[in-house]
Amino acid sequence: MRLDLENLPSDVDLLHRLVREMASVVESRDGEIERLQSIIKKLQRAQFGRRSERLDPDQLALALEDLDSDIARIRESRPSIEKQPSERPSHRKPLPDHLPREDVLLDIGDAVCACCGGVLHAMGESVSEMLDWVPAQLRVIRVTRPKYACRVCETVAQAPAPERLIAGGLATPALIAQVLIAKYCDHTPLYRQSQIFARHGVDLARSTLAGWVGGACWWLEALHERLCKNVFASDHLFADDTPVPVLDPGRGRTKTGRLWVYSREQRPWAGPEPPAAVYLFAPDRKAERPASHLERFKGVLHVDGYAGFERLAANGDIALAACWAHTRRKFYEVAEATDSPVAAEALRRIGEIYAVEAEVRGQSPAHRFAARRGRSKPVVDALRAWLEAQLPRIPGRSTLAEAIRYALSRWDGLTRFLHDGRVELDTNPVERAIRPVALGRKNHLFAGSDGGGDRWAIVCSLIESAKLNGVEPYAYLANVLQSMVNGHPINRLDELLPWAWKAGNPVKT
């Protein structure tokens, strides 16, 4: 809007209208400027700064008070032990008992006193431990099968050749498990693994290792399907997705696929089911993907703000629980970018809700429900009224207004935890399950094909579920692959699920 300042109208009503229009334009532009500045600061923080959300001093003090009370409670509950001079320093954890020990004896030469020549007598000993490293070593297993012939009927007898994981392949299940763990758990690409093997004097091309991965996943696919069936039979799950680049040879570049992640985590409310995480690859992010995955699921689904999840609640079988962490992040980004006192106050109020959750974590659903209704509900109700009062007072296009609208539009899902002690405040369990994918995406860059995306999902599901249950992933995969090669019955696959496997194979992480 342009004004001729030399020829302003003399009509007062017209001047009032022009001022109102100017104020409206200024407000709109201020909101747009604030929004763009927030985006710039967000991008700068993503590239150069620390992405984690820092607590303000009041929240930090509250967290420290909770930590101090937890420490005091632990000290009161543990038996008192008189400290001996030979104890390790309090800051060092003892070395795990399951590690093999090699004893080294350092003794004096003669049991004779160097001062007076008297006979020395034993009065105890000092024992210390150091952690050692035995480098990985490749070895060759030679399988010899003697042949026997009968001179009477001219038949030949020989023990049958052992089954191999890869038909005609060189690798044992233990070596293939190592390749899988290195790629999908330690995020070492196959070409780097090939270089590592070359340092050991063994030439294994990347294509050979890729063939091993594909062959192993052929065996593991049925176990992955069983894991998915077990998880989707639950009534409380967390869902999210993350992009994975997939090679697209026809166009000479990569395309964007998705790994859909579904996590089960009942430990915060002492639930009966073991933790687990399953991954499913899809070439896109269409809403029918989660709809097909959760076709038979009934219960509460913890989700973020993805609109495709909204369709799942249409038939009433699935209730959506929205994520307070995503809501909090919206206000955190505004507070970081603009120092808004309204955003800071929203963070403080949300922090009060989380303070109650910290106290009831691990308690029964009934206990959590009672605490939430008595202490969290008044805070939540007051927060909604306060947000509704703040919204008309700020520019409609500002990032602060967007954060408030984000929260209010999901209020039913955000307050789901007030009606069920089993519902969590956020989707952090599935967010944690996504982190290994992000690390893999950064290191081995892309999946070679859609089939590579499926293999990524299969192995990741088993590795992350093993880790969630305190199972060492390499020992687990090596044993599972060996069991399958040895003929483990297909109708007893449940015995190979991580929590069931752990019962008979107590390997520590």
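As shown above, the structure is provided for reference.
All of these numbers come straight from a predicted model, not from anything done at the bench. Each chain has its residues counted from 1, running along the sequence as written. In keeping with the model being predicted, local features are shown solely for residues with a pLDDT of at least 70 and side-chain atom pairs are shown and tallied solely at 80 or more, while totals for entire chains, interfaces and linings include all residues. As a rule here, side-chain values cover all heavy atoms of the structure and leave hydrogens and water aside.

## Remarks on a nonpolar patch on the surface
Okay, so step 1: Each patch is assembled from residues with relative accessible area greater than 30% and no salt bridge, linking like charges that lie within 9 Å and nonpolar side chains (Val, Leu, Ile, Met, Phe, Trp, Tyr) that lie within 5 Å. Using a 1.4 Å probe, accessible areas were evaluated by the Shrake-Rupley method; residue-level cover was limited to the displayed protein chains. For this analysis, a salt bridge means a side-chain nitrogen from Lys or Arg found within 4 Å of a carboxyl oxygen belonging to Asp or Glu. A contiguous nonpolar surface patch, about 260 Å² in accessible area, is contributed by Leu 36, Ile 39 and Leu 43.
Okay, so step 2: By definition, any uninterrupted DSSP run of H or I lasting at least four residues is a helix, any uninterrupted run of E lasting at least two residues is a strand, and each is numbered from the N terminus. Summarising the element assignment, Leu 36 is placed in helix α1 (residues 12–48).

## Topic: the pairing of strand β6 (residues 299–302)
Okay, so step 1: Both strand β3 (residues 236–248) and β6 contribute to a ladder of three bridges, which runs parallel. Each residue of the ladder has a partner; that of Phe 238, found in β6, is His 302.
Okay, so step 2: Here β6 pairs with strand β7 (residues 318–321) via four bridges, running parallel. Bridge pairing in β7 links Leu 301 to Leu 320. At least two DSSP bridges between two strands are required for those strands to pair.

## Let's talk about the packing of helix α13 (residues 450–468) against helix α14 (residues 473–485)
When two helices pack together, their arrangement is given by the angle between the helix axes and by the axis-to-axis distance.
Okay, so step 1: Look at α13 against α14: their axes get within 9 Å of each other, and the N-to-C directions meet at 125 degrees. As the angle between them shows, α13 and α14 are arranged oblique. By crossing handedness, the relation of α13 to α14 is classed as right-handed. Residue-level inspection shows Val 459, Leu 462, Ile 463, Ala 466 and Lys 467 of α13 in contact with α14, the latter providing Pro 473, Tyr 476 and Leu 477.
Okay, so step 2: Classification convention: Asp, Glu, Lys, Arg as charged; Ala, Val, Leu, Ile, Met, Phe, Trp, Tyr, Cys, Pro as nonpolar; all other residues, Gly among them, as polar. The class makeup of the residues in the contact of α13 with α14 is seven nonpolar, no polar and one charged. For helices, the fitted line uses only the C-alpha atoms of the stretch in contact; every axis is such a line through C-alpha atoms, and the angle between N-to-C directions lies from 0 to 180 degrees. Note that the term roughly parallel is reserved for angles under 35 degrees, roughly antiparallel for angles over 145, roughly perpendicular for angles of 65 to 115, and oblique for everything else. It is the rotation of the near helix from the far one that decides the hand of a crossing: anticlockwise by less than a right angle makes it left-handed, clockwise makes it right-handed. It only takes one pair of heavy atoms within 4.5 Å for two residues to be counted as in contact.

## Quick notes on the nonpolar core
A general feature of soluble globular proteins is that nonpolar side chains tend to end up buried together.
Okay, so step 1: With 77 residues, the main nonpolar core has Leu 180, Leu 301 and Leu 477 as its most contacted residues.
Okay, so step 2: Take this core: its biggest share by element is 12 residues, from helix α5 (residues 206–232).
Okay, so step 3: One finds Val 334, Leu 387, Ile 404 and Ala 407 within the second-largest nonpolar core, a separate group that totals 31 residues. Buried Ala, Val, Leu, Ile, Met, Phe, Trp, Tyr and Cys residues that are joined via side-chain atoms within 4.5 Å together make up what is termed a nonpolar core. Buried residues are those whose accessible area, probed at 1.4 Å on protein chains only, stays under 20% of the maximum for their type, while exposed residues exceed 50% and partly exposed ones sit between those limits.

## What to know about helix α9 (residues 365–390)
Okay, so step 1: Consider a residue and the seven residues that end there alongside the seven that start there; fitting an axis to each set, the bend is the angle between those axes. Along its length, α9 shows its largest kink, about 45 degrees, at Ser 376, and proline Pro 378 lies within four residues downstream of that point.
Okay, so step 2: Every buried residue of α9 is accounted for by Arg 368, Ala 371, Arg 372, Ser 376, Val 379, Val 380, Leu 383, Trp 386, Leu 387 and Gln 390.
Okay, so step 3: On its buried side, α9 packs onto α7 (324–338), α8 (341–360), α10 (399–409) and α11 (411–414).

## Considering the packing of aromatic side chains
Okay, so step 1: Here a Phe, Tyr or Trp ring, Trp counted by its six-membered ring, pairs with any other such ring whose centre lies within 6.5 Å, and the pair is stacked when the planes are under 30 degrees apart, edge-to-face when over 60, and tilted otherwise. Under the criterion given, the structure shown has seven aromatic pairs.
Okay, so step 2: Where Trp 324 meets Trp 411, the ring centres are 5.8 Å apart and the plane angle is 75 degrees; that geometry is what we call edge-to-face. Linking Trp 324 in helix α7 with Trp 411 in helix α11, this pair joins segments that are 87 residues apart in sequence. A single burial state applies to Trp 324 and to Trp 411, both of which are buried.
Okay, so step 3: Linked through ring pairs, Trp 260, Tyr 306 and Phe 309 together constitute an aromatic cluster.
Okay, so step 4: Charges are assigned to positions over rings by a cutoff of 6 Å between ring centre and Lys NZ or Arg CZ, combined with an angular limit of 35 degrees from the ring normal. The ring of Tyr 406 has Arg 410 sitting right over it, with the charged end atom 3.9 Å from the ring centre.

## Observations regarding the environment of Pro 243
Okay, so step 1: One can find Pro 243 in strand β3.
Okay, so step 2: Judged by its relative accessible area of 33%, Pro 243 falls in the partly exposed class.
Okay, so step 3: Those residues in contact with Pro 243, other than ones at most four positions away along the chain, are Thr 256, Gly 257, Arg 258 and Arg 441.

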